[in-house]
Amino acid sequence: MITDSDLHLPGLTDSHCHLTSAELSKDIPAVLDRARSAGLTCLLTVGQGLDDSADAIELARRYRQLRVSVGLGPHGAASVSSDHFGKLAALAAAPEVVALGEAGLDYYYDHCPRDIQRSVFAQQAGLAGELELPLIIHCRDAWDDCLAIFDRVDLGSNPGVFHCYTGPPELIRQLIDRGFYVSFAGMVTFRNADLCRAAAKEVPPQRLLIETDAPYLAPEPFRKTKPNEPALLVHTARFLAQLLGMPPIELAHLTTQNARDLFSLGDY
Ligand SMILES: [Zn+2]
């Protein structure tokens, strides 16, 4: 049973959500109020395309608890032309922007030809290195190709984060050795997600992040009953704390400190 005190965990950071999505943008003040009541002090809203990224910056100018990542996701890669990267770099110069992405490869949905996905991803990875911004990586069923790109592209000393991790637990060591953080979303609470839980246990505490990826994939116990939103991060946080044998408040502080380090967020 969920009690009122379960619904609040002070000092949480949602390191990845999409506040400009149709589902959440309808009523931002209420979404942010509920997030605040749940204990969230900082949210990173992640752009999916140029227009969406520009909207995210606009939004962050109105709410001081928001920061932004700007990027061109793998699903829309087919409509990316060469002038997109200059425009993305211009957006990245906004003071609200702390990361580039999400960018990556999605061979699970395969909405876009793979060679185009790889090219758009590699160019964004190069840009992230040039701009010295951490990269937020979306990778599904494309691990070898993803790492092959990082063999060629210099991401610098703060390479970024694999968000909403769904890869094999055995790969975690390699990602950590390459300097990445690894982030877990509501999926880690799903009954059939044993591999995801095994992967979470492999991540050293100082490289662990949490996120909602809202409006997608609400955590249990709301998976089938509620659209996802940042306030529901508290459920993923409590679940993960129990899995890792740590008090929830400690997990909240740890993952917030990690987000501050990765995205140079300063104090909130
Ligand atoms: Zn996302």
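Each remark here, short or long, concerns the structure printed above.
Residues numbered from 1 in each chain as written. Predicted model: local features only at pLDDT ≥ 70, side-chain atom pairs only at ≥ 80, totals over all residues. Heavy atoms only, no water.

Participant: Quick question: what am I supposed to make of the side chain of R197 here?
Facilitator: Within the secondary structure layout, R197 lies in helix 8 (residues 194-202). In this structure the side chain of R197 is engaged in a polar contact, spanning 2.8 Å, whose partner is the backbone oxygen of V188. Apart from residues lying up to four places away in sequence, R197 is in contact with V188, T189, F190, R191, N192, F239 and L243. (Helix = DSSP H or I, 4+ residues; strand = E, 2+ residues; numbered from the N terminus. Polar contact = N/O pair within 3.5 Å; in protein donor to acceptor, adjacent residues only side chain to side chain. Contact = heavy atoms within 4.5 Å.)

Participant: What is the right way to read the coordination of the zinc ion from this model?
Facilitator: Within the protein, H16 (NE2), H18 (NE2), E102 (OE) and D213 (OD) serve as the donor atoms for the zinc ion, at 2.1 to 2.3 Å. The site at the zinc ion holds four donor atoms, and with the angles between them running 86 to 178°, its shape is irregular. Written as a sequence motif, the donor arrangement for the zinc ion is H-x1-H-x83-E-x110-D. The two residues H16 and H18 agree in class, both being buried. (Donors = N, O, S within 2.8 Å, 3.2 Å for Na, K, Ca; no water. Tetrahedral: all angles 85-135°; square planar, octahedral: opposite > 155°, others 65-115°. Buried < 20%, exposed > 50% of the residue type's maximum accessible area, 1.4 Å probe, protein only.)

Participant: Hey, could you run me through the environment of V31 in this one?
Facilitator: Mapped onto the elements, V31 comes out in helix 2 (residues 28-38). Residues V31 and P230, 199 residues apart in the sequence, show an inter-C-alpha distance of 7.5 Å. Leave out the neighbours within four places in its chain, and V31 touches L19, L24, E229 and P230.

Participant: Could you clarify how one ought to interpret the nonpolar core in this entry?
Facilitator: Counting residues in each nonpolar core, the largest one holds 81 residues, and the members touching the most others are L135, F150, F162, Y165 and F184. Discounting residues that sit within four places of it in the chain, F150 has contacts with F121, A125, L135, I137, L155, F162, R178 and F180. C42, L44, V46 and A99 belong to the second-largest nonpolar core, a separate cluster that totals 13 residues. (Core = buried A, V, L, I, M, F, W, Y, C linked by side-chain atoms within 4.5 Å.)

Participant: Help me understand the packing of aromatic side chains, please; the structure alone is not making it clear to me.
Facilitator: Two numbers describe a pair of aromatic rings. These are the distance of the centres and the angle of the planes. Applying the stated rule across the entire model yields eight aromatic pairs. A ring pair is formed by Y108 and Y109, whose centres lie 4.9 Å apart and whose planes are at 85°; its orientation type is edge-to-face. With a relative accessible area of 46%, Y108 lands in the partly exposed category. Using a relative accessible area of 46% as the deciding quantity, one classes Y109 as partly exposed. The interplanar angle of 40° and the centroid separation of 5.1 Å between the aromatic rings of F150 and F180 together place this pair among those described as tilted. Taken together, the positions of F150 in helix 6 (residues 143-152) and F180 in the loop between helix 7 (172-177) and strand 7 (181-184) put the pair 30 residues apart, joining distant regions of the chain. When its relative accessible area of 9% is taken as the criterion, F150 is described as buried. Among the residues examined, F180 registers a relative accessible area of 1% and is labelled buried. Ring pairing ties together the aromatic residues F121, W143, F150, F162, Y165, F180 and F184, which thus form one cluster. Taking NZ or CZ as reference, R114 lies 4.1 Å from the ring centre of Y107, over its face. Above the face of the F190 ring, R223 is positioned so that its terminal group lies 3.7 Å from the ring centre. (Phe/Tyr/Trp six-rings, centres within 6.5 Å; stacked < 30°, edge-to-face > 60°. Lys NZ or Arg CZ within 6 Å of the ring centre and 35° of its normal.)

Participant: What is the right way to look at helix 5 (residues 114-131) in this model?
Facilitator: Note: α-helices contain 3.6 residues per turn, so residues at a spacing of three or four share the same orientation. Under the 1.5 Å per step criterion, the end-to-end length of helix 5 is 26 Å for 18 residues, consistent within 8% with the ideal 26 Å. Taken together, the buried positions of helix 5 are Q117, V120, F121, A122, Q124, A125, L127, A128 and G129. At its buried positions, helix 5 is contacted by helix 4 (83-92), strand 4 (97-106), strand 5 (135-140) and helix 6. Just downstream of helix 5, E132 is the residue with a positive phi angle, here 55°. (Expected span 1.5 Å × (residues − 1).)

Participant: Teacher, can you tell me more about the packing of helix 5 against helix 6 here?
Facilitator: Working note: a packed helix pair is described by the angle between its axes plus the distance between those axes. It is the contact of helix 5 with helix 6, at a shortest axis distance of 10 Å, that shows an interaxial angle of 40°. Between helix 5 and helix 6, the angle is such that the two are oblique. Classified by chirality, the crossing of helix 6 by helix 5 is right-handed. Contacts between helix 5 and helix 6 involve R118, F121, A122 and A125 from the former and D145, C146, I149, F150 and R152 from the latter. Within the contact of helix 5 with helix 6, the residues separate by chemical class into six nonpolar, no polar and three charged. (Axes fitted to C-alpha atoms, helices over the stretch in contact; angles between N-to-C directions. Parallel < 35°, antiparallel > 145°, perpendicular 65-115°, else oblique. Left-handed = near helix turned anticlockwise from the far one by under 90°. Nonpolar A, V, L, I, M, F, W, Y, C, P; charged D, E, K, R; others polar.)

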